[in-house]
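Structural characterization, general
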Amino acid sequence: MHPTLQQDLTRFPLILDHTRRLAETFLAGLNERPVCPPAAAQQLRPGDDRLSAEGVGAQAALDHFWQHYADGLSASAGPRYFGFVTGGATPASLAGDWLVSVFDQNSLLSHDTIAAAIELATIEQLKSLLGLPAAFSGSLVSGATMANFCGLAIGRQWLGAQRGVNVAQQGVAALGMVHVLAACPHSSSEKALGMLGIGRDALTPIATLPDSEAIDPDALERHLAAHPATPTIVLASAGTVNTTAFDNISRLLALRERYGFWLHVDAAFGGVAACSPACAPLLEGWQQADSITVDAHKWLNVPYDSAIQFTRHLALQMQVFQNVSAYMEAPALRPDHYLHLTPENSRRFRALPLWMALKAYGRDGIRDMVERNILLAKQLGDGLTASEGFYLLAPVNLNVVCFALTDITDDAEAERDNFLARLDRHGIIRCTATYYQGQPAIRAALVNWMTEESDIALALDSLRVCRFTAN
Ligand SMILES: *Cc1c(COP(=O)(O)O)cnc(C)c1O
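Residues numbered from 1 in each chain as written. Predicted model: local features only at pLDDT ≥ 70, side-chain atom pairs only at ≥ 80, totals over all residues. Heavy atoms only, no water.

What counts here: UniProt positions are given in the numbering used here, feature names are shortened, and annotations may be inferred rather than shown by experiment.
The name recorded for the protein in an unreviewed UniProt entry is Aspartate aminotransferase family protein, from Serratia rhizosphaerae. What UniProt records for the protein under Sequence similarities (unreviewed entry) is the sentence "Belongs to the group II decarboxylase family." Quoted verbatim from the Cofactor (unreviewed entry) field of UniProt, the annotation for the protein is "pyridoxal 5'-phosphate".

Here it is as C-alpha cells:
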C-alpha cells in the first residue's frame, strides 16, 4: 500500500472525527453564511487545478479545502435560500447520506446486500405518504431530470407497443414522429426529449388557461382531435416553478380515455404537497397517471442527489432499461431489479437518506414541514404586497412567491437584475430571476425545513433595504 494510504488507514478514526468537526462548524455557521458568496471566493487558488505527484493525505486535504474554499460555499442548505427550488437536508437524511458513502453498497439487485430491499420499502412508504396506489412501482434516480427522462422513455416504449414496434430494440426511428404536448413544461423535460431521440422539436406548446400557467384542456383537446394518428405524450405539470400551477389532471384523464396517450406528470416538488390533506386535491387524478416524477432533494429535504420515478408500466420499463449480461442476474419482472429498471448500472445506496427521513419524521413531520413552508410563503407574499416597490404576479397558492418591481423607469430586466445583485451582496436571502408571461420577474421558493417566521421578517427587511438603495 502507498505510504499515504497506509497512514490514512491507520488514522481513519481521526479523519472521521475531523470531518465531523468541520461539518459541525459548517452547520453552526449556516445562519450567518452568505447565501451567495462573493465571486472572488468562488475561484480556485493557483495550482489547485493541477494534479500533484505527491498526495498530502486526507486530513491535510480536508484542511486545505476548508481553509481555502469554505468561504466559497453558499448557505443553500440554510433557511433563507429561496432561489430555484432548493431543499436542505434534515438531520436524519444527512445522517443517512453520510452512511451511504461509508457503507458504499452497490444497490442494483444483487443478493449480497439489503440495499435494494430498503429501496423498495422506501418507495412503498413514499407511496403511502403521497396517496399513490399499489399499481405504481418506483426507483430512486439522481434528480427530477432523470425521473422525467425515465417517464418519457417508458412512454416512448408504450407508444411503440401500441403500434407493434419495440423502440428499445428497433430505435426511435421505427416509431416515427411523436408529439409531446405541454403548456409550461420544465426545461428538464426538453432536455430529456433531446437525450431520448424523440427530439426537442417534438414538444408542442398548448395554450394555458387565462392568467395561469395551467394547461387549457379545451386547447389540448383541439390538438388531439386534429392529430388522431400521431403517437402522443401529454406532459402535465403538477407545480410549475414560477407560480406552482397544477394542470387539471382529472380533465387530462378524461381526454386520455378518448384519445389514448401517455400521461406523464412532472410533480418534482408539487407532488410532495399530496401529504397535506389541504393540498391533495391539487393532484386529484395523478393516481391514474402512467408515470410520475417526484424529487426528494427539494421539498423532502434529502441531500442531493435524490428523486423518484414512478410508473404503472413495470414490464415496459424493463424493456427499456434491461441490462442482459452473462455475468449478471437476468431480468425478472420485479420492482426491485433496479439494474434493469434505471439508466444506471452501478448505483449508490440512494434510498437510505429518504428512508431515514421517513423513519425519523413520519407522516406528520413531513406534513408539518410542507404546511409551514406554504404558510410562510403566504406571509412573504403578504409582506411584499404591503411593501412599497413590489407586487405579486400571481397569488401565492403554495410555496413559491412570484413577484416584480413596481415603478420601473427604464429597463425592467436591468432593474430586476441590479436589484437581485444587491440582494445577493446583502447575503440574507437568495431569490432568482425568471420570466412570467414575458415579463422579468423574481421567484422565492420556500422548501427548507428550517425556515421560520423570523426568517420571513429578515427576508422582508432585506428586500426593502435592497429595493431603494443605489447599486
Ligand atoms: C427542479 C425541477 C425539475 C428538475 O429537477 P432536478 O432535480 O434539478 O433534476 C423538473 N421539474 C420540475 C417541476 C422541477 O421543479
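1. Some words on empty space enclosed by the protein
The criterion, for reference: A 1.4 Å probe that fits into a set of points on a 1 Å grid over the protein atoms alone but cannot get out defines a cavity; an open set with protein on both sides within 12 Å along at least five of seven lines defines a pocket, and lining residues are those with an atom within 4 Å of a point. Grid points are joined across faces, edges and corners, and a volume is the space filled by probe spheres set on the points. Counting from the N terminus, the helices are the DSSP runs of H or I reaching at least four residues and the strands are the DSSP runs of E reaching at least two. Lys, Arg, Asp and Glu make up the charged group, whereas Ala, Val, Leu, Ile, Met, Phe, Trp, Tyr, Cys and Pro make up the nonpolar group; the residues left over, Gly among them, are polar.
Under the counting rule described, the total for this entry stands at 1 cavity of 30 Å³ or more. Estimates place the volume of the largest cavity at around 30 Å³. Looking at the largest cavity, the residues that line it are S137, G138, S139, Q309, L314, Q317, P335 and L341. Put simply, the parts of the chain that give the lining of the largest cavity at least two residues each are β1 (137-141) and α11 (314-321). The biggest single contributor to the lining of the largest cavity is β1, with 3 residues. For the lining of the largest cavity, a count of residues per class yields 3 nonpolar, 5 polar and no charged.

2. Remarks on the site of the ligand
Short version of the rule: One heavy atom within 4 Å of a molecule or strand makes the whole residue count as near it. Think of a polar contact as two N or O atoms within 3.5 Å of one another; within protein, one of them needs to be a possible hydrogen donor and the other a possible acceptor, and neighboring residues in sequence only count if both atoms come from side chains. More than half of a molecule's atoms within 2 Å of the grid points is what it takes for that molecule to sit in a cavity or pocket.
For the ligand, the set of nearby residues contains 14 residues, the closest of which are T145, D266, D295, H297 and K298. In this structure, an oxygen atom belonging to the ligand sits 2.9 Å away from a main-chain N or O atom of A144. Its atoms largely coinciding with the cavity grid, the ligand occupies the second largest pocket. Of the residues forming the shell around the ligand, the biggest block, 3 residues, is contributed by helix α6 (residues 144-162). Per-class residue counts for the shell around the ligand are 4 nonpolar, 7 polar and 3 charged.

3. Remarks on the side chain of T243
Along the chain, the position of T243 falls in the loop between β4 (232-237) and α10 (249-259). Within the structure, the side chain of T243 is placed 2.6 Å from the side chain of E213, a separation counted as a polar contact.

4. A closer look at the layout of surface pockets
Selection criterion: The domain boundaries here were taken from an automatic or database domain assignment.
If you add up the space inside the largest pocket, you get close to 1,000 Å³. Put simply, the parts of the chain that give the lining of the largest pocket at least two residues each are α2 (12-28), α3 (58-69) and α4 (91-103). Considered class by class, the residues forming the lining of the largest pocket number 22 nonpolar, 9 polar and 2 charged. The two domains that each donate at least three residues to the lining of the largest pocket are domain 1 (3-75) and domain 2 (94-357). What lines the second largest pocket is a set of 26 residues, and nearest its centre among them are V85, H186, S187, V241 and K298. Elements that contribute at least two residues to the lining of the second largest pocket include exactly α6, α8 (187-196) and β10 (432-436). Taken together, the residues that form the lining of the second largest pocket break down as 9 nonpolar, 12 polar and 5 charged.

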